[in-house]
Number of protein chains: 2
Amino acid sequence: MAVATQSLEEICINSIRFLAIDAVEKAKSGHPGLPMGAAPMAYVLWNQFMRYNPKNPSWFNRDRFVLSAGHGCMLQYAMLYLTGYDSVTIDDIKQFRQWESKTPGHPENFMTEGVEVTTGPLGQGIANGVGLAIAEAHLAAKFNQPDAKIVDHYTYAILGDGCNMEGVSGEACSLAGHLGLGKLIALYDDNHISIDGHTDLAFTEDVGKRFEAYGWHVITVDNPNLDRDTSLQALTDAIEEAKKVTDKPSMIKVRTIIGYGSPNKKDTHGVHGAALGESEVEATRKNMGWEYEPFVVPDDALKHFRKAVERGASYEAEWNQTFATYKTKYPTEAAEFERITSGTLPEGWEKVLPTYSPDKGTATRKHSQATLNALAPVLPELIGGSADLAPSNLTLLKVSGDFQKGQYSNRNLRFGVREHGMGAICNGIALHGSGLIPYGATFLIFTDYMRAAIRLSALSQAGAIWVMTHDSIALGEDGPTHQPVETIASLRAIPNLLVIRPADGNETSGGYKVAIENRNRPTLLAFTRQNVPNLAGTSIEGVAKGGYIVSDSDGTPDLILIATGSELHLCTEAAEKLRAEGKKVRVVSLVCWELFAEQDAAYQESVLPTGVTKRLAVEAGSTFGWSKYVGTEGGTIGIDRFGVSAPGGLAMEKFGFTVDNVVAKAKAL
Amino acid sequence: MAVATQSLEEICINSIRFLAIDAVEKAKSGHPGLPMGAAPMAYVLWNQFMRYNPKNPSWFNRDRFVLSAGHGCMLQYAMLYLTGYDSVTIDDIKQFRQWESKTPGHPENFMTEGVEVTTGPLGQGIANGVGLAIAEAHLAAKFNQPDAKIVDHYTYAILGDGCNMEGVSGEACSLAGHLGLGKLIALYDDNHISIDGHTDLAFTEDVGKRFEAYGWHVITVDNPNLDRDTSLQALTDAIEEAKKVTDKPSMIKVRTIIGYGSPNKKDTHGVHGAALGESEVEATRKNMGWEYEPFVVPDDALKHFRKAVERGASYEAEWNQTFATYKTKYPTEAAEFERITSGTLPEGWEKVLPTYSPDKGTATRKHSQATLNALAPVLPELIGGSADLAPSNLTLLKVSGDFQKGQYSNRNLRFGVREHGMGAICNGIALHGSGLIPYGATFLIFTDYMRAAIRLSALSQAGAIWVMTHDSIALGEDGPTHQPVETIASLRAIPNLLVIRPADGNETSGGYKVAIENRNRPTLLAFTRQNVPNLAGTSIEGVAKGGYIVSDSDGTPDLILIATGSELHLCTEAAEKLRAEGKKVRVVSLVCWELFAEQDAAYQESVLPTGVTKRLAVEAGSTFGWSKYVGTEGGTIGIDRFGVSAPGGLAMEKFGFTVDNVVAKAKAL
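Analysis parameters
- Residues numbered from 1 in each chain as written.
- Chains lettered and ligands numbered in written order.
- Predicted model: local features only at pLDDT ≥ 70, side-chain atom pairs only at ≥ 80, totals over all residues.
- Heavy atoms only, no water.
- pLDDT = per-residue confidence, 0-100.
- Contact = heavy atoms within 4.5 Å.
- Buried area = accessible area lost by both parts, 1.4 Å probe.
- Salt bridge = Lys/Arg side-chain N within 4 Å of Asp/Glu carboxyl O.
- Helix = DSSP H or I, 4+ residues; strand = E, 2+ residues; numbered from the N terminus.
- Buried < 20%, exposed > 50% of the residue type's maximum accessible area, 1.4 Å probe, protein only.
- Pairing = 2+ DSSP bridges.
- Axes fitted to C-alpha atoms, helices over the stretch in contact; angles between N-to-C directions.
- Least-squares fit on C-alpha atoms with pLDDT ≥ 70 in both.
- Core = buried A, V, L, I, M, F, W, Y, C linked by side-chain atoms within 4.5 Å.
- Domains from an automatic or database assignment.
- Nonpolar A, V, L, I, M, F, W, Y, C, P; charged D, E, K, R; others polar.
- Parallel < 35°, antiparallel > 145°, perpendicular 65-115°, else oblique.
- Expected span 1.5 Å × (residues − 1).
- Arc of directions from axis to C-beta.
- Phe/Tyr/Trp six-rings, centres within 6.5 Å; stacked < 30°, edge-to-face > 60°.
- Lys NZ or Arg CZ within 6 Å of the ring centre and 35° of its normal.

Caption draft 1: Geometry of the confidence of the model for chain A. Across chain A, the average pLDDT comes to 97, with 98% of residues at 70 or higher. In the predicted assembly, ipTM is 0.98 and pTM is 0.98.

Right under this line is the structure:
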């Protein structure tokens with residue numbers, strides 16, 4: 001079949017395929033199979049359905065596209081290039097998978113305009129899609145007026161077998177079904193092949209039936225690749241049907257052939273994750289009647305694809321008109337919409353942050369509750385919830401009801417016991433780019449369940465807030481399965497994640513201030529279950545510096561006690577005792593290591609002078625990493641084993657978290 | 001309804017309930033709701049179906065019981081006490097959730113005989129159950145003879161809404177359906193309540209339909225609690241039906257009422273995770289006609305439960321008879337069965353470990369492949385696989401086919417893209433207690449997906465082997481979503497987990513030797529994607545010590561270069577250059593921090609003398625934690641940011657992992 005006999009549609013679809021084939025071949029690395037099989041669905045979606053403006057990738061009301069099967073990223077880069085995005089040129093495609101190129105090995109929202117979320121770790125993308133759809137539903141319910149719908153877009157995702165095997169996708173899709181997110185449409189690239197081989201090896205469940213059980217609308221489309229006469233109409237019909245079902249998310253199960261077009265490698269796992277190789281590229285060209293040189297797209301095809309530019313301009317112009325009307329009729333709402341979607345925090349918002357004088361205090365999770373509820377009225381963009389631990393995490397916003405089907409204007413999300421799904425959903429909300437500030441909560445230990453999503457929040461610069469309570473063995477009786485020990489250390493190791501463990505009310509306010517202000521990196525806040533006193537010397541400003549002096553003696557200290565969170569008060573009390581014995585003691589709150597490391601050297605030296613080597617760190621967790629601050633002559637009081645089921649106070653005492661032990665260990669230095 | 005009018009069955013069931021109520025009340029902490037609602041199913045299961053021997057909890061052929069909803073552990077402790085296990089006395093029940101008691105806040109296999117696996121983190125238990133059922137199916141296929149079935153038991157699990165919301169359970173149950181594990185029977189405590197409130201808040205999917213989609217046999221049982229006349233027959237019938245379906249796992253969905261019996265708190269989330277309170281305990285006693293003091297079990301009930309002791313002795317005796325026959329007829333197989341199930345490694349097994357002389361080497365993942373395949377013939381207890389990355393992780397055992405439905409004697413497990421499920425399944429296989437040595441593999445970065453299971457392997461002393469390849473940015477083009485940076489550090493922080501990053505072939509063999517020998521703690525092996533040379537000075541014995549001198553100059557060194565894995569050869573080469581300039585340089589492989597920390601002080605000092613403070617650590621990962629070894633005067637070459645998509649060699653060079661940079665940084669010290 002020569003090009004001359006191919007329809008324009010076929011040429012367009014083959015253009016996608018060969019860009020993928022050629023880019024992977026040049027890089028000698030990548031995944032050609034998915035783009036080759038999924039090109040028809042991408043073509044139909046981007047050409048007939050999706051509303052986007054290539055010349056303004058961040059146009060607010062664009063349909064969101066997520067390639068959940070991120071390894072197939074050449075599909076996405078091809079579409080971005082073909083439809084006229086400036087972010088991906090043909091030269092960028094030639095630089096596929098090269099150092100600092102716009103076309104990295106998996107889609108990265110922070111590298112490539114037009115990419116909404118960072119995918120590759122399987123299952124994350126579709127779960128991000130649930131978050132994007134939640135953001136849309138929320139803003140639509142909040143802002144739309146009967147005569148002016150300014151928030152009105154779909155979220156489309158392409159996912160594969162791998163995504164569907166991962167638990168995170170199941171969690172998020174179950175919730176999406178529960179919430180009835182009708183504007184979420186997933187296309188399942190059902191190619192029956194994964195890296196190990198045929199899905200018969202490990203994945204024979206009835207995926208469609210599972211999604212129906214979740215409450216999704218499921219449509220099946222037979223292979224649109226089978227031969228040149230096969231119409232793409234079935235795909236078109238399916239997407240149209242999906243759009244008509246407004247009370248359920250839709251999954252379109254499209255039976256495809258991985259590596260379609262490759263005569264010897266199609267329908268095998270050999271085409272999943274490796275270049276075809278020179279001879280097979282040639283054989284594929286011949287098989288497909290593709291007469292063009294590598295990276296050459298036929299003019300007709302490019303011209304056809306590029307109509308997206310005109311369409312996009314017109315979509316945006318139309319929306320601008322709608323918004324202009326909205327602004328005239330609803331000026332207050334329009335101003336709020338503009339404020340929120342531009343990511344501008346309201347003037348003076350931080351004034352509502354509670355401050356405290358020294359007193360017997362309460363649990364920092366209760367300070368967190370108070371702070372969230374102080375912020376909620378002034379920050380309507382704050383939206384979030386807990387993975388079924390709301391009564392323990394204390395994360396409900398009293399000003400709002402629950403975000404449920406038909407009640408999308410509410411801000412309390414009920415995630416269910418789905419930590420990983422929650423994480424990926426919050427990332428999606430943050431990366432909707434509409435100024436929403438999502439938070440997700442569970443017990444600190446269960447960050448282990450959602451660690452992949454927390455890491456992706458840091459990598460993809462999603463300003464999510466992770467509210468983690470029950471932050472040490474002091475939680476008590478639930479025992480070692482629930483007691484974090486190594487958790488804080490392991491989170492501190494993640495780049496671009498702010499880990500804050502507040503000691504009291506002031507530091508809780510300080511923690512939230514940092515979290516709210518950091519819109520391009522996530523913040524994890526660790527709160528106590530148990531009561532802790534409000535201390536003298538703690539402050540919101542101190543937290544912003546990551547580490548600061550909470551109490552001091554005159555002159556150069558003999559000793560520095562360093563602590564975070566619930567152990568800070570042990571140090572301030574121990575310091576009093578030591579001072580009574582004539583020792584010069586400084587107490588430092590090292591509430592956020594990452595922020596402290598970002599301070600200038602002079603400030604760091606002023607807090608932790610190099611010359612003072614007698615240092616004792618006290619933290620109810622692993623000592624892993626503390627050598628950095630206590631050096632070779634210092635000491636630590638920490639926990640380098642698993643915890644134990646017992647009342648929290650007793651557990652703390654047994655593990656040495658007492659004022660007397662701090663005094664004793666300090667003297668031993 | 002006074003006790004006098006209750007049937008013996010009712011009294012037995014209420015005995016379970018009130019042990020739970022009273023223990024939680026005394027501890028003022030715990031979860032009474034589940035035991036109160038699920039007491040009937042536990043009663044029927046333990047009294048009519050389960051085969052176990054209370055006086056020998058580790059009797060090989062016992063049915064395995066998993067309380068996946070681990071918070072309801074008083075149900076399990078009550079059953080252990082009532083049926084006559086010595087591990088849980090009435091005094092132990094009075095010590096519920098107290099320091100070092102046999103009755104911790106969640107079931108812990110390492111604290112309480114009769115508890116098979118450690119649960120509490122939701123979803124893990126049912127996934128462990130899949131592992132237990134795989135172990136049974138494998139050993140049955142391997143050892144049973146037509147005239148002597150020595151391996152023949154069921155795995156029962158009770159799971160709740162929380163377990164069913166977690167992705168990990170979905171992953172494992174999808175695989176269980178695929179594998180057709182007919183002897184796995186799950187009872188779903190379908191009480192419609194989770195911590196946040198009614199499941200209507202977040203969980204309205206059709207769970208039964210989902211499990212049918214997975215390929216399970218699903219049975220529904222109406223509430224057996226409804227009134228005193230309700231027969232328990234429906235539960236009995238359901239379990240019998242489940243046992244008859246031998247080619248599919250079964251789920252029995254039992255509609256229960258949480259906190260059944262409490263007049264004011266039943267069917268509310270208030271009874272899920274808190275003591276009833278004095279007055280409600282009294283009201284419940286009155287409501288249930290329960291006239292006994294706290295912790296008192298009516299004699300008739302106890303006597304009835306304790307028949308389990310006699311039954312158990314008889315089950316075991318019967319099995320002993322079967323095994324005696326087996327031993328006579330199949331002495332070779334019997335000897336092998338006894339060797340494996342006693343956890344005895346075959347004499348001289350370690351002699352097959354490959355050793356290497358210095359040469360240009362290969363990727364350590366290839367050494368891993370060679371080692372696994374050297375071990376496989378001599379260690380038939382080795383069973384495992386990859387989460388759909390077998391061609392990359394190189395984990396297939398060539399001596400075996402795939403473990404599939406009807407081919408259970410095979411040893412290559414195909415987990416699908418289900419890292420978390422894989423982790424929990426491997427834990428279940430390890431904790432089957434039958435000597436099987438499970439391994440699970442994926443890319444190192446995706447330990448994030450399965451971290452909760454890895455942690456539980458460490459906590460519950462499961463000797464699983466985690467085979468993690470593609471262990472640094474050197475994996476190249478896949479980019480930052482796939483490149484571990486903080487991963488090794490975050491794993492080192494987990495107590496009781498051995499993290500080994502071999503530098504070459506000898507260290508790979510050393511890593512496996514440690515992993516195979518450690519049957520009560522897990523080992524994580526991190527392997528390269530890229531080639532690395534086989535070095536002089538590396539050794540199997542060195543790895544066993546965690547850290548050792550690979551090359552040295554005479555006398556006290558001026559400088560110590562410390563590295564792990566793929567960076568060790570950079571240090572040995574740099575050392576040569578530095579020595580050529582007259583410097584005295586020692587090179588240390590710190591291949592396993594945990595083992596090194598366990599060596600005596602003299603050995604540690606001999607490797608890293610306190611007096612030598614010029615130290616440079618080189619590792620292609622986060623520097624987090626390295627201060628412990630390089631001190632305040634040392635330096636590091638590491639990566640404290642995310643990676644980048646580019647060819648691996650270039651990425652390593654750009655991040656400073658070159659011999660020249662090691663030399664330069666060393667000189668700068």
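Caption draft 2: View of the interface of chain B and chain A. Taken together, the contact pairs 100 residues of chain B with 100 residues of chain A. Interface area for chain B against chain A, summed over the two sides, is near 8,000 Å², with a carbon-plus-sulfur share of 60%. Across the chain B-chain A interface, the total number found is 10 salt bridges. As a salt-bridge pair, Glu212(B) and Lys209(A) come within 3.3 Å of each other at their nearest N and O atoms.

Caption draft 3: Expanded view of the pattern of salt bridges. Counted by the stated rule, this structure contains 60 salt bridges over all chains. With its nearest N and O atoms 2.8 Å apart, the salt bridge here joins Arg339(A) to Glu381(A). Linking Arg339(A) in helix 13 (residues 331-341) with Glu381(A) in the loop between helix 14 (364-378) and strand 9 (382-386), this pair joins segments that are 42 residues apart in sequence. Comparing Arg339(A) with Glu381(A) shows no difference in burial state: the two are buried. Here Arg62(B) makes a salt bridge to Glu116(B), at a shortest N to O gap of 2.7 Å. Linking Arg62(B) in the loop between helix 2 (33-49) and strand 1 (64-67) with Glu116(B) in the loop between helix 4 (90-94) and helix 5 (124-143), this pair joins segments that are 54 residues apart in sequence. For Arg62(B), a relative accessible area of 8% corresponds to the buried category. It is possible to trace a salt-bridge network through shared partners that takes in Glu136(A), Asp152(A) and Lys183(A).

Caption draft 4: Region of interest: the sheet that holds strand 12 (residues 465-469) of chain B. Residues and elements named next belong to chain B. Ordered in space as 10-9-11-12-14-13, the six strands form an open sheet in which the pairing is parallel. Of all strands in the sheet, those with a lone pairing partner are strand 10 (412-414) and strand 13 (498-500), marking the two edges. Averaged over all neighbouring strand pairs, the angle between strand axes comes to 20°, with direction disregarded. Summarising the sheet, strand 12 and strand 14 (residues 523-526) pair through four bridges and their orientation is parallel. The partner of Trp-466 across the bridge, within strand 14, is Leu-524. Helix 14 (residues 364-378) rests against strand 9 (382-386), strand 11 (437-443) and strand 12 of the sheet, and its axis sits at about 150° to strand 9.

Caption draft 5: Local environment of the relation of the copies chain B and chain A. Aligned on chain A, chain B shows an RMSD of 0.0 Å; the corresponding rotation is 180° and the shift along the axis is 0.0 Å. Seen this way, the second copy is the image of the first under a two-fold rotation axis. A share of 100% of interface residues in chain B that are also interface residues in chain A marks the association as one of identical surfaces.

Caption draft 6: How the structure looks around unusual backbone geometry. With a phi close to 70°, Phe295(A) is a non-glycine residue in the positive phi region. Even without being a glycine, Asp267(B) presents a positive backbone phi close to 60°. Relative to the helices and strands, Asp267(B) is located in the loop between strand 7 (250-255) and helix 10 (278-288).

Caption draft 7: Local environment of the nonpolar core. Core analysis: the largest hydrophobic core is formed by 150 residues, its most contacted members being Leu561(A), Phe657(A), Val662(A), Leu561(B), Phe657(B) and Val662(B). With residues near it in sequence (within four places) discarded, Leu561(A) still touches Cys571(A), Ala574(A), Ala575(A), Leu578(A), Val585(A), Arg586(A), Val587(A), Val588(A), Leu616(A), Val662(A) and Ala666(A).

Caption draft 8: Here's a closer look at the domain arrangement of chain A. Residue and element names in this part refer to chain A. Domains assigned within chain A are domain 1 (28-71 + 117-275 + 303-312), domain 2 (349-534) and domain 3 (547-668). Using only C-alpha atoms to locate each centre, domain 1 and domain 2 end up separated by 31 Å. The interface is formed by 31 residues belonging to domain 1 together with 30 residues belonging to domain 2. Together, the buried faces of domain 1 and domain 2 total about 2,500 Å²; carbon and sulfur atoms form 67% of this surface. At the boundary of domain 1 and domain 2, one finds zero salt bridges. Those elements that place two or more of their residues in the side of domain 1 that touches domain 2 are helix 5 (124-143) and helix 7 (167-179). A total of 14 residues in the side of domain 1 that touches domain 2 trace back to one element, the largest contributor, which is helix 5. When its residues are assigned to classes, the side of domain 1 that touches domain 2 shows 16 nonpolar, nine polar and six charged.

Caption draft 9: Helix 26 (residues 659-668) of chain B, seen in detail. Along helix 26 of chain B, the residues classified as buried are Val659(B), Asn661(B), Val662(B), Val663(B) and Ala666(B). For helix 26 of chain B, the secondary structure elements touched by its buried residues are strand 17 (559-563), helix 21 (568-580), strand 19 (615-618) and strand 20 (635-637) of chain B.

Caption draft 10: Looking closely at the packing of helix 7 of chain A against helix 16 (residues 419-430) of chain A. Residue and element names in this part refer to chain A. The contact between helix 7 and helix 16 brings their axes to 8 Å, and the two run at 75°. It follows from the interaxial angle that helix 7 and helix 16 lie roughly perpendicular. Contact residues: Val-168, Glu-171, Ala-172 and Leu-175 in helix 7; Glu-419, His-420, Gly-421, Ala-424 and Ile-425 in helix 16. Considering only residue class, the contact of helix 7 with helix 16 consists of five nonpolar, two polar and two charged.

Caption draft 11: Expanded view of the sheet that holds strand 7 (residues 250-255) of chain A. Residues and elements named next belong to chain A. With parallel pairing, the five strands of this open sheet are ordered in space as 1-2-3-7-6. Each edge of the open sheet is held by one strand with a lone partner, namely strand 1 (64-67) and strand 6 (217-221). Neighbouring strand axes in the sheet, compared pairwise and without regard to direction, differ in orientation by 15° on average. In the sheet, strand 3 (residues 184-190) pairs with strand 7 via six bridges, with the strands oriented parallel. Residue pairing in the sheet places Ile-185 in a bridge with Ser-250 of strand 7.

Caption draft 12: Just helix 9 (residues 233-244) of chain B, in detail. Residues and elements named next belong to chain B. For helix 9, built from 12 residues, the straight-helix expectation of 16 Å at 1.5 Å per residue is met to within 8% by its first-to-last C-alpha distance of 16 Å. Residues Leu-235, Thr-236, Ala-238, Ile-239 and Ala-242 constitute the buried set of helix 9. Along the axis of helix 9, the buried residues cluster in a sector spanning 165°; they form a single face. Of the surrounding elements, those touching the buried residues of helix 9 are helix 2, strand 2 (155-160), strand 3 (184-190), strand 6 (217-221) and strand 7.

Caption draft 13: Structural context of the pairing of strand 12 of chain B. All names here are of chain B. The buried count for strand 12 comes to five of five residues, which makes it a mostly enclosed element. What you see with strand 12 is no split at all: Ile-465, Val-467 and Thr-469 on one side and Trp-466 and Met-468 on the other are buried throughout. Alignment of strand 11 against strand 12, held across five bridges, turns out to be parallel. Pairing of Ala-441 across the sheet is with Val-467, part of strand 12.

Caption draft 14: Focus on the packing of aromatic side chains. By the definition in use, this model includes 61 aromatic pairs over all chains. Here Tyr77(A) and Phe96(A) contribute two aromatic rings whose centre-to-centre distance is 6.2 Å and whose plane-to-plane angle is 70°, an arrangement assigned as edge-to-face. In this pair, Tyr77(A) sits in helix 3 (residues 73-83) while Phe96(A) sits in the loop between helix 4 (90-94) and helix 5, placing the two residues 19 residues apart along the sequence. A network of ring pairs unites the aromatic residues Trp593(A), Phe596(A), Tyr603(A), Phe624(A), Trp626(A), Tyr629(A), Trp593(B), Phe596(B), Tyr603(B), Phe624(B), Trp626(B) and Tyr629(B) as a single cluster. Over the ring of Phe60(A) we find Arg64(A); its NZ or CZ atom is 5.9 Å from the centre of that ring.

Caption draft 15: View of the environment of Phe596(B). Along the chain, Phe596(B) falls in helix 22 (residues 593-598). Taking C-alpha positions, Phe596(B) is 9.0 Å from Val543(B), a pair spaced 53 residues apart along the chain.

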